[in-house]
Amino acid sequence: MTLLPVEEARDRIFSLGTLAACEEVPLHQAAGRWAAKAIPARRTQPAADLSAMDGYAIRFSDLPGPWRLVGESAAGHPFSGTLGEGEAVRIFTGATMPPGADAVLVQEEADRDGTVVALTGEGPAHVGRNVRPCGLDFRTEEILIAAGERLTAARLALCAMGGHDTVPVRRRIRVAIAATGDELVPPGRTDAGKLPESNGTMLTALVHDLPVDVVDLGILPDSQELLESAFRQVDADILVTTGGASVGDHDLVRPALEAAGANIDFWRIALRPGKPMMAGMLRDAVVLGLPGNPVSAFVTATLFLRPLIAKLGGASDVAPATFTVPLGEDLPANGPRTDYLRAKLVDGAACAAAIQDSSMLRTLARADCLILRTPHAPPAAAGDSVEILPLT
Ligand SMILES: Nc1nc2c(c(=O)[nH]1)N[C@H]1C(S)=C(S)[C@@H](COP(=O)(O)OP(=O)(O)OC[C@H]3O[C@@H](n4cnc5c(N)ncnc54)[C@H](O)[C@@H]3O)O[C@H]1N2
Ligand code: MOO
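Residues numbered from 1 in each chain as written. Chains lettered and ligands numbered in written order. Predicted model: local features only at pLDDT ≥ 70, side-chain atom pairs only at ≥ 80, totals over all residues. Heavy atoms only, no water.

- The name given to the chain in an unreviewed UniProt entry is Molybdopterin molybdenumtransferase, and the organism recorded there is Stakelama saccharophila.
- Under the Function (unreviewed entry) heading, UniProt states for the chain: "Catalyzes the insertion of molybdate into adenylated molybdopterin with the concomitant release of AMP."
- The chain has a UniProt comment under Catalytic activity (unreviewed entry) that states "adenylyl-molybdopterin + molybdate = Mo-molybdopterin + AMP + H(+)". (UniProt positions renumbered as here; feature names shortened; annotations may be inferred.)

Structural notes on the site of ligand 1
Point 1. In the region of ligand 1, 23 residues are neighbours, and E183, E197, A245, S246 and K275 sit closest.
Point 2. Take K275: an N or O atom from its side chain is 2.9 Å from an oxygen atom of ligand 1.
Point 3. The separation between an oxygen atom of ligand 1 and a polar main-chain atom of N293 is 3.3 Å.
Point 4. Within the complex, 69% of the 870 Å² of free accessible area of ligand 1 lies under protein.
Point 5. Elements supplying a minimum of two residues to the shell around ligand 1: strand 13 (173-180), strand 15 (195-196) and helix 6 (294-312).
Point 6. Classifying every residue of the shell around ligand 1 gives 9 nonpolar, 10 polar and 4 charged. (Near = heavy atom within 4 Å. Polar contact = N/O pair within 3.5 Å; in protein donor to acceptor, adjacent residues only side chain to side chain. Areas by Shrake-Rupley, 256 points an atom, 1.4 Å probe, with all protein chains shown as cover. Helix = DSSP H or I, 4+ residues; strand = E, 2+ residues; numbered from the N terminus. Nonpolar A, V, L, I, M, F, W, Y, C, P; charged D, E, K, R; others polar.)

Regarding the packing of helix 3 (residues 199-206) against helix 6
For any two helices packed against each other, one specifies the crossing angle of their axes together with the interaxial distance.
Point 1. Where helix 3 contacts helix 6, the axes come no closer than 10 Å and their chain directions differ by 30°. Taken together, the axes of helix 3 and helix 6 are roughly parallel relative to one another. The two elements helix 3 and helix 6 cross, and the hand of that crossing is right-handed. Along the contact surface, helix 3 presents N199, M202, L203 and L206, while helix 6 presents P294, A297, F298, A301, T302 and R306. (Axes fitted to C-alpha atoms, helices over the stretch in contact; angles between N-to-C directions. Parallel < 35°, antiparallel > 145°, perpendicular 65-115°, else oblique. Left-handed = near helix turned anticlockwise from the far one by under 90°. Contact = heavy atoms within 4.5 Å.)

Let's talk about the pattern of salt bridges
Working definition: two side chains of opposite charge can pair if their charged atoms are close together.
Point 1. In this structure the tally under the stated criterion is 15 salt bridges.
Point 2. The residue R12 makes a salt bridge to E8 at a minimum N-O spacing of 3.7 Å. Here R12 pairs with E8, and both are found in helix 1 (residues 6-16), just 4 residues apart, close to one helical turn.
Point 3. For R59, the salt bridge is made with D62, and the minimal N-O distance between the two is 3.5 Å.
Point 4. Taking relative accessible area as the criterion, R59 reaches 22% and is therefore assigned partly exposed.
Point 5. Here the salt bridges share partners, and the residues they tie into one network are R171, R174, D235 and D237. (Salt bridge = Lys/Arg side-chain N within 4 Å of Asp/Glu carboxyl O. Buried < 20%, exposed > 50% of the residue type's maximum accessible area, 1.4 Å probe, protein only.)

Overview of the environment of Q356
Point 1. Mapped onto the secondary structure, Q356 falls in the loop between strand 24 (349-352) and helix 7 (361-366).
Point 2. On a C-alpha basis, the gap between Q356 and V104 in space is 64 Å, while along the polypeptide they are 252 residues apart.
Point 3. Dropping the residues within four chain positions of it, Q356 is found in contact with Y340, L341 and R342.

Re the environment of D368
Point 1. With respect to the secondary-structure elements, D368 resides in the loop between helix 7 and strand 25 (369-373).
Point 2. Along the backbone, D368 and L345 are 23 residues apart, and their C-alpha atoms lie at a distance of 6.8 Å.
Point 3. In this structure D368 touches A343, K344, L345, P390 and L391, once residues within four positions along its chain are discounted.

What about the side chain of T300?
Point 1. With respect to the element layout, T300 can be found in helix 6.
Point 2. From its side chain, T300 meets the backbone oxygen of S296 in a polar contact 2.7 Å long.
Point 3. Not counting residues up to four positions away in its chain, the partners in contact with T300 are L271, G274, M277, L290, P291 and L305.

Focus on the domain arrangement of the chain
Point 1. Its domain assignment divides the chain into domain 1 (6-20 + 172-312), domain 2 (25-44 + 143-169), domain 3 (50-132) and domain 4 (323-390).
Point 2. Between the C-alpha centres of domain 1 and domain 4 the distance comes to 26 Å.
Point 3. Contact residues are listed per partner, giving 17 residues for domain 1 and 16 residues for domain 4.
Point 4. By the criterion of area lost to domain 4, the three top residues of domain 1 are A270, R272 and V295, representing 42% of everything that side buries.
Point 5. Here R272 ties to D339 by a salt bridge, and the two come within 2.6 Å at their closest N and O atoms.
Point 6. Mapped onto the side of domain 1 that touches domain 4, the elements with two or more residues apiece are strand 19 (271-272) and helix 6.
Point 7. It is helix 6 that provides the largest number of residues to the side of domain 1 that touches domain 4, a total of 7 residues. (Domains from an automatic or database assignment. Buried area = accessible area lost by both parts, 1.4 Å probe.)

Right, dumping it as structure tokens:
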């Protein structure tokens, strides 16, 4: 049996999907999406030289004063004249520097008596002190956001400051999630002989920070006919199934998908946990058939579903971020599959859980990272460097 390497599986999944269509949306609807095009500045910021402090706008060459107060400049209410020799203008943070002024004396270092301002401290150390020059942050036409960058809070604020009230993004990704298995009952039920369905809850939570609309297809039974009929009605960009992916007599997801018209591109990856994962196309939807074991579903969704959503959403950088840390305890040699071990960071060192069974949700819930072990990695000793994928 040939198992596909993880990187190849990811590339093949990416090549199945097509980018979601572009749309222009208001800034407050764009959080967490990716810019569909480069976003240039429509204005210069600051648009003029501004004061960075509350104090007095002066000519640096007039130091050490005293100065004659000739007016005021507040944010939104600039001084209308020009500053002459020996003159000062009362100025506030964010206000336009009057023409002729080239430094700001902070009010903590000044004493004002009527219209006379005297120096009480050291005063500004150089021309331009406490002044934000025009264009300090950005200038008109400069690219603020590159295509494919995620629209974080800071980047959306930058777009607003750059003169935009809408941004070009890609449409939200519709993700249909189906659990399969006659043993499953909805969360909250504790029927004897049945198992609470936990993968739907987990997967929905796992993508909640991404720009997705989740369609919950609920629990589908182990019946090829009923699975097929449910799959025929799917209207989504991505169909995620869990369970029924292995080789047992009741593992009917693959035949039901094929009967519904899907093309399965691959089945089985050199990955632990997550080996029996499949991927393909059902009409316009990319299908990810994840294994039923909860930890296997979690790992495959982390490695393939989240990056696929990002890819279809127009992200330029989709690989999950990994870090290198010291190993806290020895690890044995790895087998032929890439292994993602549930682990905890203890004083910055990664310690793998003693039992790595792919059904154990409590071990997963207690983990704060996965230790990545490449196929056939030799034994590793405490203190050796290992790659980890942090869990949030
Ligand atoms: N003879 C073989 N048996 C198995 C193989 C194999 O290669 N040969 N692979 C094993 C591996 S690895 C995995 S992973 C599992 C995956 O099997 P399935 O995808 O067919 O999953 P199920 O059998 O349907 O379920 C496995 C396990 O998970 C529970 N489950 C299923 N769905 C949910 C859900 N939505 N929420 C909570 N728990 C769920 C299910 O009850 C089973 O206990 O196959 C191995 N077998
Ligand atoms: O791949 Mo299974 O996911 O090892 O338990």
